[in-house]
Amino acid sequence: MSDSVNSKQEDRRDFLKAGGLVAGITLAPGLLFYGVAQSRAPEEGVSSRQRWGMLIDTTKCADGCNDCVTACNTENGLSGKTGPQDSQWIRKLNVKDLHTGYVQSLPMMCQHCENPPCVDVCPTGASTKRADGIVLVDRHACIGCRYCMMACPYKARSFVHEPLHDQKPDVPRGKGCVESCTFCVQRVDKGEQPACVEACDAKGHKAMVFGDLKDPQSAISRALKSTDSVEVRADLALGTGVRYQGI
Amino acid sequence: MAHEVCVNQGECRTVEFFALLGLGGLLILGAMYAFFTLEHHGHILTGMNNQIVWGLPHVVAVFLIVAASGALNVASIGSVFGKDVYKRRAPLSGMLALALLSGGLGVLVLDLGRPDRLIVAMTRYNFHSIFALNMIFYNGFFAIVGLYLVTLMERKLKYWTRPVGFLAFFWRLGLTTATGSIFGFIVARAGYNSALMAPMFIIMSFAYGLAIFMVVQASMYSWNGLTLDLAIRRRMKKLLAVFVGASLYFTVVFHLTNLYFAKQWDYEQFILLDGGIFTLLFWVGQVFIGAVLPLSLLFINRSQGEHLVSFSVLAPLFVVVGGLCQMYVTIVGGQAFPLTLFPGHEVHSSFYDGVVHAYHPGIYEWLLGLGGVGITFTLTVVAVRVFKFLPQDDFKTVLMRRSTD
C-alpha cells in the first residue's frame, strides 16, 4: 500500500518537474526575445535608447599598422591619398610623451561627442547628432562654410576639394561639403560593426570595441566598467562617444 | 551732359567716373571668374586645405564686415551723441557701411563650398550657431541702416533719425560682438577662445571703419576740388588716434593674458617670436604700420599752415593696411598653429597633426578678396555720384581755404 502511495507521489513530482522544464523551454525564448525586441528594427528610426560608442585600447594598437585606415577608405570610397586637401576620416597618430619619451600609436577620428562643437556652430543645422549619438553631416544642407572644421577640437573633419567619381551608393559625399567619420552608419544600421573595428579584429589586434554604451550587457559597457578609460581633451567636457584606454 | 546723373554738376568728370567704374567692374569680374572656376573645379585650385580652411577671402571678408559696422560709427556719433560735425557726415557713413558690408558678405558667399545652397543658409537657421546669428545681424543691418538713410534723406521723416540712429548704433554693436564671437566661441584653438575677441573686434571696427571713412571722404573732397576744413580734419584725426590707441591696448592685453597662462605659451611664442610670416605681419603689419606709424603721424605737432592734407589720408591708409595684417594674423595664424590634442605630447600623423600648417594663397583667393573690395568700391563710386553724400559743411568757408591749407 505504502509503496503504491510513494510511487504516485514520485510520479507527481516527475510530472511537475517535466512540466516546469517544458514551461521554461517554452517561455524562456519569449522572455529573451522580449529583450531583443527593445533594439531597433532596420526599418525603424534611430532611438535614444542606444548610444553608440567606441573604446580604443592603445596598448593593443600596433605602431605601423594602418588597417583601420585602409578599411575606412575602402568602405567609404575615400581615395586614401594624404595630401593637405585630401579627405581623411580616420588617421593614425603617433603620440610621444615629451617628458618620458614613451611613444604610442592610436587611431583618431570623429569622437561623436555628446555636446559636439561642430553641431553647435553649423549655421544651417547640417551638422547633426542622431538620437543614437552618431554625429553626421546632412549632405543636402551643408553649404560648405567650414566653420565646423574650425570648431572641431579633434581635426576630424575634411572638406571635399574636388569633384568625386564612382562613389559608394550608401555613402553619399560631395564636392564643396564637409565630411567626417560616420561610425560606418550604413553598417551600424544593419547591425554590423564599423569597418575599422572589423579590420582591427581581423588583424587580431582587437584594439577597438564598438557597441551600445546604454546596454549594460554590451561588450563595450562591460569593458568600460572594468578598466580605466579617458576622453581626449576631457577638459572641454564634450562627452565623447570614443574613449581611449592606455593613454 | 544736361541729363547726367551727377550731384555736383560743375564737377561731373564723366570720363574719370567711368574709369573708376571700370576699375571696380574689373575687380568684380575677376571675382566672378574665380567664383565660377572654383564652383566648377572645387577649392582644390586654391591654397586652402583641410588645415587652413579659411584663407585670404575670409581675411578680406571679415575685415570689410568689421569695418562696415565701424564706418557707421560716424553716423552714430552724430545721431546718438548729437555732434553736429558728424551729423553732416551721417549719410556718407551709412552708405559706406552698407557698401562695406555688401563687399564682405559678397566674398563670404562666393567662397562657400556650395554657394548654390545660399537659399538653405537663408531659410534654415540653427540658433545655437553664432554664424547663423551673424546672418540675422547682417540682414538686419541692411534693413536698419537702409531705413536710417531714408530718415536722413527725407525731410518728412527727420524726427525718426534719432530713434532709428539709436537702433542702428546698438545693432552695430551687436553685429561686431557676434563677428568677434565667431572666433571667441571656438573652444579648441589656442589663438581664439577668448572673451576679449568681441570687445577687441568692436574697438578695431571703430578704427578700421573711421579710417576707411576718412580716406573716402578725403577722396570725395579732392574729386570736387575741395579741401576739408582743418578743424574737422583735426577732430577726426584725434578720434582715429583714440581708436587706434585703444585697439593697440586690446592687442597688448590679449597677448599679456595669454602669456599669463602656461598652456598658451607655445601659441604666443609662435605669433610673437618664431611664426615666420605671422610674426612678421604681427610686428611690422599690425603693430608698426597699423598702430605706431599712424599714431606718430596723427600726433605730430605742426603749425597750421604746414598741416598737410596727406597726413589725414596717409594715417588712415596705414590703419587699413595694419587692419588687414591683423585679420591675417588672427584668422590664418590661428589655424596655422597646430591643435593641441594631447598636452605635453608631441603628435605626428598623415593629417599634419602637430605641425605648423603652411598657407600659400593662390590667384583665385586674391581675385575673390579683391572682388570684395571691388564691390565696396563700385557701390561707393555709384552712390556718391547719384546721391548727395558729400558732407554738407559750410562750403563757402571751405572753398575760400581751398588752396591755402
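Here, the structure is the one placed above.
Now for a look at the structure at hand.

Criteria and cut-off values
- Residues numbered from 1 in each chain as written.
- Chains lettered and ligands numbered in written order.
- Predicted model: local features only at pLDDT ≥ 70, side-chain atom pairs only at ≥ 80, totals over all residues.
- Helix = DSSP H or I, 4+ residues; strand = E, 2+ residues; numbered from the N terminus.
- Buried ≥ 20, exposed ≤ 12 C-beta atoms within 10 Å, placed from the backbone.
- Contact = placed C-beta atoms within 7 Å.
- Core = buried A, V, L, I, M, F, W, Y, C linked by C-beta atoms within 7 Å.
- Pairing = 2+ DSSP bridges.
- Axes fitted to C-alpha atoms, helices over the stretch in contact; angles between N-to-C directions.
- Expected span 1.5 Å × (residues − 1).
- Bend = angle between axes of the 7 residues up to and from the residue.
- Parallel < 35°, antiparallel > 145°, perpendicular 65-115°, else oblique.
- Left-handed = near helix turned anticlockwise from the far one by under 90°.

1. Things to note about the overall build of chain A
Part 1: Counting its regular elements, chain A contains seven helices and nine strands.
Part 2: Every one of the 247 residues in chain A was classed for burial, and the buried ones make up 40%.

2. So, the overall build of chain B
Part 1: Assigned secondary structure in chain B consists of 15 helices and one strand.
Part 2: Projected onto its principal axes, the C-alpha coordinates of chain B cover approximately 70 × 50 × 40 Å.
Part 3: By the burial criterion, 50% of the 405 residues in chain B qualify as buried.
Part 4: Long-range contacts, defined here as pairs at least 24 residues apart, represent 78% of the contacts in chain B between residues at least 6 apart.

3. Quick notes on the nonpolar core
All names here are of chain B.
Part 1: Core analysis: the largest hydrophobic core is formed by 182 residues, its most contacted members being A207 and L240.
Part 2: Ranked by residue count, the leading element in this core is helix 9 (residues 197–223), at 17 residues.
Part 3: Leave out the neighbours within four places in its chain, and A207 touches G70, L240, F243, V244, S247 and V319.

4. Details of the environment of B:G47
All names here are of chain B.
Part 1: For G47, the location among the structural elements is in the loop between helix 1 (14–41) and helix 2 (56–71).
Part 2: The sequence separation of G47 and H360 amounts to 313 residues, and the corresponding C-alpha distance is 5.2 Å.
Part 3: The contacts of G47, once residues within four sequence positions are left out, are G55, Y359, H360, P361, G362 and E365.

5. Structural notes on the sheet that holds strand 1 (residues 345–349) of chain B
Part 1: Spatially, the three strands line up as an open sheet ordered 3(A)-2(A)-1(B), and their pairing is antiparallel. Both edges of this open sheet fall to strand 3 (103–109) of chain A together with strand 1 of chain B, since each of them pairs with a single strand only. Pairs of neighbouring strands in the sheet enclose a mean axial angle of 30°, with direction left out of account.
Part 2: Two strands pair when backbone bridges link them, and strand 2 (residues 90–97) of chain A and strand 1 of chain B are joined in this way by five bridges, in the antiparallel orientation. Bridging from a neighbouring strand, A:K96 pairs with B:E346 of strand 1 of chain B.

6. Brief notes about helix 13 (residues 311–336) of chain B
Part 1: With 26 residues, helix 13 of chain B extends 36 Å from end C-alpha to end C-alpha; this agrees with the ideal 38 Å at 1.5 Å per step.
Part 2: Counting buried positions over the 26 residues of helix 13 of chain B gives 21, a clear majority of the element.

7. As for helix 12 (residues 277–299) of chain B
Part 1: The sharpest bend along helix 12 of chain B reaches about 50° and sits at B:F288.
Part 2: Contacts from the buried residues of helix 12 of chain B go to helix 10 (230–260), helix 11 (265–274) and helix 13 of chain B.

8. Things to note about the interface of chain B and chain A
Part 1: With 39 residues of chain B at the contact, the number on the chain A side is 45 residues.
Part 2: The set of elements that each furnish at least two residues to the side of chain B that touches chain A consists of helix 6 (118–123), helix 7 (130–153) and strand 1 of chain B.
Part 3: Ranked by residues supplied to the side of chain B that touches chain A, first place goes to strand 1 of chain B with five residues.

9. Considerations on the sheet that holds strand 9 (residues 242–245) of chain A
Sheet strands pair by backbone hydrogen bonding; their relative direction is either parallel or antiparallel.
All names here are of chain A.
Part 1: Judged by pairing direction, the sheet is mixed, and its three strands sit side by side in the order 8-1-9 without closing on themselves. At either margin of the open sheet sits one strand with a lone partner, and together these are strand 8 (208–212) and strand 9. Looking at each pair of strands side by side, their axes are set apart by 20° on average, direction ignored.
Part 2: Bridge count between strand 1 (residues 52–57) and strand 8: five bridges; the pairing is antiparallel.

10. Things to note about the packing of helix 2 of chain B against helix 14 (residues 363–386) of chain B
Residues and elements named next belong to chain B.
Part 1: As a packed pair, helix 2 and helix 14 sit with axes 7 Å apart at the nearest point and diverge in direction by 20°. What the angle tells us is that helix 2 and helix 14 run roughly parallel. At the point where helix 2 passes helix 14, the crossing takes the right-handed sense. Across the interface between the two elements, L56, P57, V60, A61 and L64 from helix 2 touch E365, W366, L368, G369, G372, V373 and T376 from helix 14.

11. Some points on the environment of A:C196
All names here are of chain A.
Part 1: With respect to the helices and strands, C196 occurs in helix 6 (residues 195–203).
Part 2: Judged by local crowding, C196 falls into the buried class, with 27 C-beta atoms found within 10 Å.
Part 3: For the pair formed by C196 and V69, sequence separation is 127 residues and the distance between their alpha carbons is 6.8 Å.

12. Section: unusual backbone geometry
Residue and element names in this part refer to chain A.
Part 1: Phi at R146 takes a positive value of approximately 70°, unusual for a residue other than glycine.
Part 2: Assignment of secondary structure puts R146 in the loop between strand 5 (135–137) and helix 4 (147–151).
Part 3: A tally of 22 C-beta atoms within 10 Å means that R146 is categorised as buried.
Part 4: For K206, which is not glycine, the phi dihedral falls at a positive 50°.
Part 5: Following the sequence through the fold, K206 ends up in the loop between helix 6 and strand 8.

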